[in-house]
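Okay, here's what each chain looks like letter by letter:
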Amino acid sequence: KIFSEYGAPIDGGWNVDNKIPWVLVTGASSGIGKAYSHYFAAVGLNVVLVARDYDKLSMVEDDLKKINPSIETKVIVFDFSVFTDDIKYRSRLFDEVKDLDISILVNNVGTGGVYQFDEITFRRIYKFINVNVNSHIQITRLLIPKLQQRIEKGKKAAIINYSASCGNEF
């Protein structure tokens, strides 16, 4: 369904305005986020890559251009582990994509590890919560108005949530 419902051009262009929409993928520099990015590029959607490591993001961007030279990409370096309640820090990410027609948000950024709970530091606990929980909530909140605008125009929008803790054994 991704082809016809979320704007991938495989059917000749699903959008009324014939512009290819964007997918924003957090945690795009490796693992599942990188795989999502490859998939969306292959089906013809433009991809916003978000992670904290520019060099890794740049390599993923190069991969996407090889997979599908006709798509556009945008790299945004952003560290979700920064613990702050400063909305300006989080809003910077929105400012970078405010003019893009985002059809899908992939909340994939995460951090994990296996630790003895009685030995884990509070700093690491805050980092886990900030990256695995707060980041998903905050970026979703920032992008919901854009996604709602698509729906109001008769277009589709989606949010895919994935967490690093989904794969850990406790």
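As a reminder, the structure under discussion sits directly above these lines.
This text gives an overview of the structure that appears in the document. (Residues numbered from 1 in each chain as written. Predicted model: local features only at pLDDT ≥ 70, side-chain atom pairs only at ≥ 80, totals over all residues. Heavy atoms only, no water.)

## Considering the side chain of threonine 26
Mapped onto the elements of the fold, threonine 26 is located in strand S1 (residues 22-26). Look at threonine 26 and you get buried, because its relative accessible area is 0%. A distance of 2.8 Å separates a polar side-chain atom of threonine 26 from the backbone nitrogen of asparagine 108. Leaving out residues up to four positions away in the same chain, threonine 26 has contacts with Gly33, Val50, Phe80, Val106, Asn107, Asn108, Val109 and Ile139. (Helix = DSSP H or I, 4+ residues; strand = E, 2+ residues; numbered from the N terminus. Buried < 20%, exposed > 50% of the residue type's maximum accessible area, 1.4 Å probe, protein only. Polar contact = N/O pair within 3.5 Å; in protein donor to acceptor, adjacent residues only side chain to side chain. Contact = heavy atoms within 4.5 Å.)

## A short note on helix H4 (residues 87-97)
Listing the buried residues of H4 in full gives Arg90, Ser91, Leu93 and Val97. Buried residues of H4, seen end-on, are gathered within an arc of 140° and therefore sit on one face of the element. Taken together, the buried residues of H4 touch S1, strand S2 (46-51), strand S3 (73-77), strand S4 (102-107) and helix H5 (122-152). (Arc of directions from axis to C-beta.)

## Quick notes on the sheet that holds S3
Spatial strand order, S3-S2-S1-S4-S5: five strands in an open sheet with parallel pairing. With partners counted over all chains shown, the strands left at the sheet margins are S3 and strand S5 (158-161), one partner each. In this sheet, neighbouring strand axes are inclined to one another by 15° on average, regardless of whether the strands run parallel or antiparallel. Where S4 and S5 come together, four bridges link them in parallel fashion. Looking at the pairing, isoleucine 104 lines up with alanine 158 of S5. Along the sheet, H4 makes contact with S1, S2, S3 and S4, crossing S3 at roughly 165°. (Pairing = 2+ DSSP bridges. Axes fitted to C-alpha atoms, helices over the stretch in contact; angles between N-to-C directions.)

## Notes on the packing of helix H2 (residues 31-42) against helix H3 (residues 54-67)
Packing of H2 against H3 brings their axes to within 9 Å, and their N-to-C directions diverge by 25°. Here H3 runs roughly parallel to H2, going by the angle between their axes. As H2 runs across H3, the sense of the crossing is right-handed. Of the residues in H3, those in contact with Lys34, Ser37, His38, Ala41 and Ala42 of H2 are Val60, Asp63, Leu64 and Ile67. Taken together, the residues of the contact of H2 with H3 break down into five nonpolar, two polar and two charged. (Parallel < 35°, antiparallel > 145°, perpendicular 65-115°, else oblique. Left-handed = near helix turned anticlockwise from the far one by under 90°. Nonpolar A, V, L, I, M, F, W, Y, C, P; charged D, E, K, R; others polar.)

## Observations concerning the pattern of salt bridges
Should the charged atoms of two oppositely charged side chains come close, the side chains can pair. For the coordinates displayed, the defined rule picks out four salt bridges. The salt bridge partner of glutamate 96 is lysine 74, with a shortest N-O separation of 3.7 Å. Of this pair, glutamate 96 sits in helix H4 while lysine 74 sits in strand S3; the two residues are 22 residues apart in sequence, bridging distant segments of the chain. Classification of glutamate 96 by relative accessible area gives partly exposed; the value is 33%. The exposure class assigned to lysine 74 is partly exposed, which follows from its relative accessible area of 25%. Lysine 155 serves as the salt-bridge partner of aspartate 101, at 3.9 Å between the closest nitrogen and oxygen. Residue aspartate 101 is located in the loop between H4 and S4, and its partner lysine 155 is located in the loop between H5 and S5; the two are separated by 54 residues in the primary sequence. Classification of lysine 155 by relative accessible area gives buried; the value is 10%. Beyond isolated ion pairs, a larger network of salt bridges with shared partners links Lys74, Arg92 and Glu96. (Salt bridge = Lys/Arg side-chain N within 4 Å of Asp/Glu carboxyl O.)

Interpretation note: all reported values are geometric properties and have no functional meaning in isolation.
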